[in-house]
Each structure stands twice: as structure tokens, then as C-alpha cells.
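Take a look at the letters that make up each chain.
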Amino acid sequence: MTVVTDAAAEEGGRSGGSPAPSGPATQSGWKGRDRVLDFVERYALVVLFIATFVFFSVWSKTSSTFPHATNIKNVLGGEAYSGILALAIMIPLVCGEFDFSVGNNAGLTQVLCAGFMARLGMPVPLAILLPIGIGAFIGLSNGNTVARIGVNSLIVTLGISSVLLGIVEWYTNGQSISNHISPWLTNIANDEWFGLPVTLYILAVAAVIVYYMLEHTPYGRYLYSIGSNREAARLVGLRVERFVLLAFVLSGTLAGVAGILLVANSGGGNPQAGQIIDTLQALAAAYLGATAIKPGRFNVLGTMIAIYFLAFTVTGLSLAGVADWINSVFDGAALFVAVLVSTIIGRRRAGTS
Amino acid sequence: MSGPGEPGQVPSGPGPAADGTGAGPPPAVALRIDHLSKNFPGTRALDDVSMAVRPGEIHALVGGNGSGKSTLIKILAGVYHGDPGGTITVGDTTLAADHTTPAKARALGLHFVHQNPAVFPALSVAENMVIGHGFETRPTGSIRWRALRRQTQALLDRFEINVRPDTLVNTLRPAERAMVAIARALQDQEGQHTGVLVLDEPTASLPRAEVVRLMGALNRFAAAGQTILFVSHRLDEVIDTATEATVLRDGRVAGTLRESEITEDRLIEYIAGRALDRMYPVMPTASSDDVVLEARGLVGGPLQGVDLQLRRGEVLGVAGLLGSGRSELLKMIFGAYAIKGGTLAVEGRAVKFRDIGDAMAAGIAYVPEDRGTEAAFLSQTLADNVVASSISRYWRALRLRNRTIDSDARDIIGRYLIRASSEKQVMGTLSGGNQQKVILARWLSRRPRILLLDEPTQGVDVNARAEIYGLISQAVGQGCSVLLVTSDFEELSRVADRAVVLSGGRITAELRGADIEPVRLTELAFSTQEVAS
């Protein structure tokens, strides 16, 4: 769960005599300053989000475009893809594993979905469900290697993402697939329900499901426990391997869904879409999310706020006409700062610093 | 009263030898520690310890778990700082104990070999020798292998270690590995046998035959004039090799023994000592003869055939040293460690646990030895930690009853005397004793039939210890049976109805009632007699 779990567990193990404050200190300590600090920690990202939003709305360079409904709807709907990808990467993170293949997984399911419709003329439901199933299978294969054999998840999923990239190249020959794409699917990206983009509803549904799973089912609790201390989780009778495996399957499934949204957004299968850079952005959002709402803990609401904070900032910057490279720097810096801050918060909350 | 403590004090002290510097005989003391104390928050690890090691002798530092030996070694090594006021003197250089650093320790001529010597198994002996020093290279940057091999050979010859420089360390016998580590520690001595070689439980993980080899080597080094300080819990090797032994107990010097005074009896007397007055609850005595748990010929890990019976409402103590297999025994019963042979029966029915879940379903609970790495979810809340073993109970109508979890956790905080601000407090910020109570509550709230406890009061202060035993006593009163492993034999004697001694992978003795007595347990656990197999 927290980002520093291993170090925390190790240090805690050594601490034997325990330097933590004892009884009375902890009882009366939860006052004044701590309470303020806690509040600041929880809502700093929200405040930052609002401040950025207000800034771009009044800044002379962007005030004419940024606060407009079209722009806001574009960002809200267009980022559903990134949002689902962030949810995908978050689930294994909760149990202490990385899935770096989510971006490329989405990239593959995207071209498969488009290809199944364009080349094989598959019915739309099948052309959507089959690629999602393939995404899930990629997750299963990752999870199997990581959970059962015990290979480092970072290496496994990085390797797989390169393999997926290659398959995409092979399948598309480097060309976009944009004919015979079901208009029903592409319309999703343009349609609105009650004034909001349909894709936003899709993201909301996915977010609620993941939230429910993590916070309101035993499985979610198990994942957080495994992330906190794997050996202790085993010794309270949890089937660690199975649960970690399932986390990867869920991650792969969500990546598949994200791939379908890519098709809806771009109207086809684009071999350039769904890349490792998308994975990094999702990672940044998940870590940034772990600094908010429930600091020190990966959480859905925090991740959603983070995704839109990043998206609106990037949009604001590009509307202001800054060079494209600024975006890369911003995304990278956000990831760096997010990991740094969530590590510090996690460590402090675990009482090991 | 610390027993027959001080009389054995070494006479050397800051006497004439130290004053009359300059030429003449070598100083009478190679290493002297004066008034060394060390306080950790909540515990006093060392309390005004003074001791002296004479040059060219093997000096043993002995004591039970938590007696302060490791702390003392760590201060010498500069890993910890001592409290102000203490001093460490090597030869004629004195260092304030609160200013020790690893570099200063090295400069003083203290050479350390730690418990699990940091040898690199996949590298050759020669590479292991230079790894911490940097390789000697040619101007082009390539390693001078031939020179390295020659130097290593010289070193191995000097220490009479019969291995070749090119041999990979992972193919060496354990004793040879330890000797390589010793040679590595000593290689930068300026002259022959200057300084002090400090060995922290060098034999802890060695089989018996290997111990003999290593001790033989130490004797040779000492005969050649090397001063050696070694920490050990194997009394036979202390008796065989040490010229002098300092015994620590509860952070104080319980006594110092020389040559013929070093006998098993005297050592045990000092190690076990007279106990601190601690409060233990009166355990309800076992009232039933029903056997709740029976192990027959249990084999696996260090265990070579363990038979035991646990009766209903009984507290059965398992006395054994570190590495005796006591923890593995508990893990086997809990389905967390592979059983190679033998059978287990719960309530008279043979059981084979495929995993921990099976054992839990059979009513078994297990509190592991290492709270930090095996039990606590330090970054999670107290409530998360309490319910970790029974989350599925709160899953009703497709919802996890988070509110019920919280209210149960609050209830448990009260019932188990946990001092915390709320059920949302993060586990890692609780004190050790309170963390342990949370772990205990996690299992006791499941109302287990069999409770396996591994060092339940380790790193816990005296009051929390009393409370923990109070909680265990309540559970026992309700019919729970307890299998208790602890290295604190005083504790064992106070709470156990019956005690078995685990040594050499087997149960070697059983004590009941008033016979369970710390000195007797120490004697049996440290016993050097190999059980005939």
C-alpha cells in the first residue's frame, strides 16, 4: 500500500525497543498542529488543482480558451483513457507490484479492436470484448510470472511492454487502421449525456468499481495488506500468490478497456498510441494520488484528482503556447515529485522516520 | 543484587602498567571498557559495564538474549554510540564511548567478524579478501590477478587456512568460510597480531564438527599472540577455548571468570542469575487431560523427530536456543513450514494442513517471533491490523462492514489494554508493547483453540509484558491451549504448566510444575550432550 512498505517493514523489524511515542504522548499528540498538517496533506492536491484551474482561467494568455465548456469537456472526456490506465496501474501498486505494460497493453488492444472490425469484420461487441480478453490474458501472463515464479514485476512488465510494442508494429505494419470502424464506437467519444462526455461516465463507472473493490471488499483489504507486509500477509492466512495474480489480471483487463477508449477517441487503431509514456503518466497519477485524500495509500479518488490535475495543467500550458517539450518535462517532474512526496508521507505515517 | 558478581573483576584496571608507558612489557590490557552505559528509549541495554581483555588471550562474552552483548559489540564497532561517560581503551589509546565510529574502531585496531560474515559466496576467496579494500590495478585499470592471488595465498598461509585463493567461497565448508572472514578482518593489521579480533557469535550457524575446526583455528591464533574477544552462547566452546569470560545479564556485568573458574555451573549461575521481580499473572492450571494437539516424529528444517502433546487449557513452554528449531516447530504446526515427516493431530484427528488457512480453520493461531517482518502491517491502521486475520467475517451482503470493523477495533483497544489515540492510528507509530498487543488481539479475537506464541514479549517493556501475559492467561482460562516459545527462561518458569527442552532437533527433556526453573532450563538448553540417535 504505501510506497515505502519494504523499508518500513524492515526498519520496524529492527526497532525492537521501538522508538515510537508511548501511551500518553500519542493520545494527546493528535491535536492542533498535527490536525492541521493532516488536513493540508489530504487536500493539498485538491487545492493545487483548484489554484491551477483558476490561474489558467484568469491568465491573459489562456483566459479566452481555457475556462470554456468545450475545452473542459474535451479534457474531461479525452482523459478517460488516461484515467482508466491509471486505475489499471494502481491495482498492482496497491499490493506492491509494478505493471509497466499497461500503456502498451492498451496500445495492442486498440489496434486489435480496430483490426478486428476493419479486417475481419467482426461484430462490434465481439471486436470490443475479445481485445479486452486479450488484455486480461496479458495480465494473467504477467501475474503468473510475477506471483508464482517470483520474478521482479518491473522487469517482467517492461519486457512484455516491448514485446507488445513489437506485435503492434507487426500487426499494423506501422499504418493506422481507420476504415470500417463502427461509428457507434467512435460516437462514444463525441456524445454527451446530461451535458458531459460519455467517456467520462465510462471512467466514472470503472473508478467506482475499483473503489468498491479496494475499499469495500475483503479482496481490496488483502491487497493493501500484501502491499504493506507480504510475509505478515502470508502468516495471517492470505493466499498471497493468488491475490497478486488476480491484481495483474484486473490491471490487464482495465488496460484493455483503455485500449477500446483509444479507438473511440481516435476513430481507429493508431500504432503510435498506447505507449510507455502513457504508462509513466498513469504511474505519476497513481503516486500523486497517493499523496492526497488518503495520504500514504494508493486510492482511487486521489488518483482521479491527480489525472485531471495533470491533464488540465498540460492543456493550460499548451493553450498558452508553450513548447511541446514542456509537457514531457512536466509529466516527468510530476512523477518524480509524486513519488518523492508519497514516499516521505508514507514513511512518516508508518513511524519509521 | 547481582549475585556473586563483582568479586571476579579483573585486577588489571588502570594500574601501573597503563601509567608506565614507553618501553617495557606490553600493556597488561589489550582492550578495556570502562563505565559503558547505553539507554534506548524505554530500555537500558547496558548499565555501567566495565571489563578488560588481556593481550594474547581468548576472552568470551557470554549472556542470555537481551543481556546486552550485541549492544556492546555494536558500540565497539561504532554502529551505536554509547552514552556519555563511558570509555573504550585499546592499547594506550582511549576513546569516549559516545564518539565511536566504524572508522575510529578500525583505527584503534578492532577487527570485527559479525554473526553472518559478509562473505560473497559467488566470488573467489581472493576476491573476497580484497573486496572491501579495492582491487590493486595496473595503470590500464585491469586487476593484478597474479599479485592478488599471491597475497591471498600468503594470508591464507599465515592463518593456516587450507583453501586455495581461486576457490569459490560457496564451495567452502562453513568453518572455512568463517575463517576466511576472520582472515579478511585481520589482513590489514600493521604488525603480526596487533589489535583485537572481535567475533560476534561466530559459531551460531555452524554445525558441531565445524565449530571444533573453527575453535581450533582461534586457539592457534591466540597461541601466536592474537587477542580475541568472542561472543557466544555455546557454553562448551567457551569452556574449551576461553581464558577469561565476562558474563552479562540485564545489561550489567554479572561476573567475570578466569581459566579453571569457567565451568558450566558457574556460567549458568551468572547467565540465569536471580531474576528481576516481574509481575506475572497466575495462570489457570491445566485442568484437563484431553490432548488438543499431538505431534509425532515431526521432521523438517532443523527438527529431527519431535514428539509432543499439548493438553486443553495448558501452557506448554518450549525451551531452546536460537537455531534449535523452536520457531520452525511452531510454523510447521501452523502450516507455514514444510513438514518432511511425522504426523500432527488436532483433537485426536490426524491433520495435514495444505496451507495456513487450513490451520486457522482448525482453530490454530500463531504469533510470530519477528513482529516487524512477520506480523505487523506497520503502514496500516490499528483497525486494519486487528482484523487482518478475519476480514472475511465482515463481508456481508456484498459490502465490507467498515463501520463494524472500526467499532470492533475500538472495542478491542479497550479490552486488550492497547494504548492508542484511535483505531485509525498507524501501527508503526505504536510502541513495541502496544504493537504486540494488537497482534495478540488479532489472534485471540478469533478465539483459537491452540495458540502458538513465539517470543511474545520480545522488545516489550516490563509492564506491557505483564499485560500481555494477563491477556494470555484470560484466553487460557477460557480453554485455549498455548504452546509458548521464549528464550526468557525466567518468564517460561513463571507461566508454563509444563516445559520441554528442544535441542539437537529433538525434545531432550520435560519438566513440570516446580521443576521448571530458570537455572535448570538454562542448563538443559545449553546442554552439550548430544542425544544419542
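So, how was this worked out
- Residues numbered from 1 in each chain as written.
- Chains lettered and ligands numbered in written order.
- Predicted model: local features only at pLDDT ≥ 70, side-chain atom pairs only at ≥ 80, totals over all residues.
- Helix = DSSP H or I, 4+ residues; strand = E, 2+ residues; numbered from the N terminus.
- Buried ≥ 20, exposed ≤ 12 C-beta atoms within 10 Å, placed from the backbone.
- Contact = placed C-beta atoms within 7 Å.
- Domains from an automatic or database assignment.
- Core = buried A, V, L, I, M, F, W, Y, C linked by C-beta atoms within 7 Å.
- pLDDT = per-residue confidence, 0-100.
- Pairing = 2+ DSSP bridges.
- Axes fitted to C-alpha atoms, helices over the stretch in contact; angles between N-to-C directions.
- Parallel < 35°, antiparallel > 145°, perpendicular 65-115°, else oblique.
- Left-handed = near helix turned anticlockwise from the far one by under 90°.
- Nonpolar A, V, L, I, M, F, W, Y, C, P; charged D, E, K, R; others polar.

A. Up close: the overall build of chain A. Helix and strand counts for chain A come out as 16 helices and two strands. The buried share among the 353 residues of chain A stands at 50%.

B. Region of the structure containing the overall build of chain B. Scanning chain B from N- to C-terminus turns up 18 helices and 22 strands. Burial analysis of chain B (533 residues in total) assigns 50% to the buried set. Within chain B, counting contacts between residues at least 6 apart in sequence, those at least 24 apart form 69% of the total.

C. Region of the structure containing unusual backbone geometry. A positive phi angle is found at Ile 293 of chain A, which is not glycine, with a value near 60°. With respect to the helices and strands, Ile 293 of chain A occurs in the loop between helix 14 (276–289) and helix 15 (300–319). Using a count of 20 C-beta atoms within 10 Å as the deciding quantity, one classes Ile 293 of chain A as buried. Residue Arg 447 of chain B is not a glycine yet carries a positive backbone phi of 50°. Mapped onto the elements, Arg 447 of chain B comes out in the loop between helix 15 (432–444) and strand 19 (450–454).

D. Spatial organisation of the domain arrangement of chain B. Taken domain by domain, chain B holds domain 1 (116–187), domain 2 (277–363 + 448–533) and domain 3 (374–447). Its C-alpha centre places domain 1 of chain B at a distance of 51 Å from the equivalent point of domain 3 of chain B.

E. Focus on the nonpolar core. Core analysis: the biggest nonpolar cluster contains 255 residues, and Ile 84, Leu 85, Ala 88, Ala 258 and Ala 286 of chain A together with Leu 452 of chain B have the highest contact counts within it. With 16 residues, helix 13 (residues 240–266) of chain A is the largest single contributor of residues to this core. Not counting residues within four places of it along the chain, the set of residues in contact with Ile 84 of chain A comprises Leu 203, Ala 206, Leu 254, Val 257, Ala 258 and Leu 261 of chain A.

F. Region of the structure containing helix 18 (residues 518–526) of chain B. All names here are of chain B. Among the nine residues of helix 18, seven are classified as buried, and the element is accordingly described as predominantly covered. For helix 18, every residue scored as buried is listed here: Pro 518, Leu 521, Thr 522, Glu 523, Leu 524, Ala 525 and Phe 526. Looking at the packing, one finds that the buried side of helix 18 touches helix 8 (235–241), helix 9 (264–272), strand 13 (315–319), helix 17 (489–495), strand 21 (498–503) and strand 22 (506–512).

G. Layout of the confidence of the model for chain A. Across chain A, the average pLDDT comes to 86, with 89% of residues at or above 70. Throughout residues 1–30 of chain A the model reports pLDDT below 50, and contacts reaching past four residues in sequence, or to other chains, amount to 82 contacts.

H. Fine view of the sheet that holds strand 9 (residues 244–249) of chain B. Residues and elements named next belong to chain B. Reading across from one edge, 6-7-8-3-9-10 is the order of the six strands in this open sheet, with mixed pairing throughout. The strands lining the two open edges of the sheet, one partner per strand, are strand 6 (110–113) and strand 10 (252–258). Pairs of neighbouring strands in the sheet enclose a mean axial angle of 20°, with direction left out of account. The strands touched by helix 6 (residues 174–186) within the sheet are strand 6 and strand 7 (196–200), with strand 6 carrying the most contacts at an inclination of about 155°. Against the sheet, helix 9 makes contact with strand 3 (58–63), strand 9 and strand 10, and its axis sits at roughly 25° relative to strand 9, the strand it touches most.

I. Representation of the sheet that holds strand 20 (residues 481–485) of chain B. All names here are of chain B. Spatially, 16-19-20-13-21-22 is the arrangement adopted by the six strands of the open sheet, whose pairing is mixed. Of all strands in the sheet, those with a lone pairing partner are strand 16 (364–367) and strand 22, marking the two edges. Shown here is a sheet whose adjacent strand axes are inclined to one another by a mean of 20°, direction ignored.

J. Structural detail: the environment of Glu 314 of chain B. Residue and element names in this part refer to chain B. Secondary-structure assignment places Glu 314 in the loop between strand 12 (303–311) and strand 13. Exposure remark for Glu 314: the 26 C-beta atoms within 10 Å place this residue in the buried category. Sequence spacing of Glu 314 and Val 291 is 23 residues, and the spatial spacing of their C-alpha atoms is 9.7 Å.

K. Representation of the packing of helix 9 of chain B against helix 18 of chain B. Residues and elements named next belong to chain B. Contact geometry of helix 9 with helix 18 gives a least axis separation of 9 Å together with a crossing angle of 125°. The angle between helix 9 and helix 18 places the two elements in the oblique class. In terms of crossing hand, the pair formed by helix 9 and helix 18 is right-handed. Taken together, the residues of helix 18 that come into contact with helix 9 (itself represented by Ile 268, Glu 269, Ile 271 and Ala 272) are Pro 518, Val 519, Thr 522, Glu 523 and Phe 526. By residue class, the composition of the contact of helix 9 with helix 18 is six nonpolar, one polar and two charged.

L. Structural detail: the packing of helix 5 (residues 80–94) of chain A against helix 13 of chain A. All names here are of chain A. It is at 8 Å that the axes of helix 5 and helix 13 come closest, and there the two elements cross at 170°. Taken together, the axes of helix 5 and helix 13 lie roughly antiparallel to each other. The segment helix 5 lies against helix 13, with Ala 80, Tyr 81, Ile 84, Leu 85, Leu 87, Ala 88, Ile 89, Ile 91 and Pro 92 engaging Ala 247, Phe 248, Leu 250, Ser 251, Leu 254, Ala 255, Val 257, Ala 258, Leu 261, Leu 262 and Asn 265. By residue class, the composition of the contact of helix 5 with helix 13 is 18 nonpolar, two polar and no charged.

M. Just the confidence of the model for chain B, in detail. All names here are of chain B. Chain-level statistics for chain B give a pLDDT mean of 82 and a share of 86% at 70 or above. Confidence scores differ between elements of chain B, with helix 1 (residues 16–19) showing the lowest mean pLDDT of 38 and strand 16 the highest of 96. Of the regions scoring below 50 in pLDDT, residues 1–24 engages in 28 contacts with residues more than four places distant in sequence or in other chains. Every residue in residues 274–278 is under pLDDT 50, and counting partners more than four places away or in other chains gives seven contacts.

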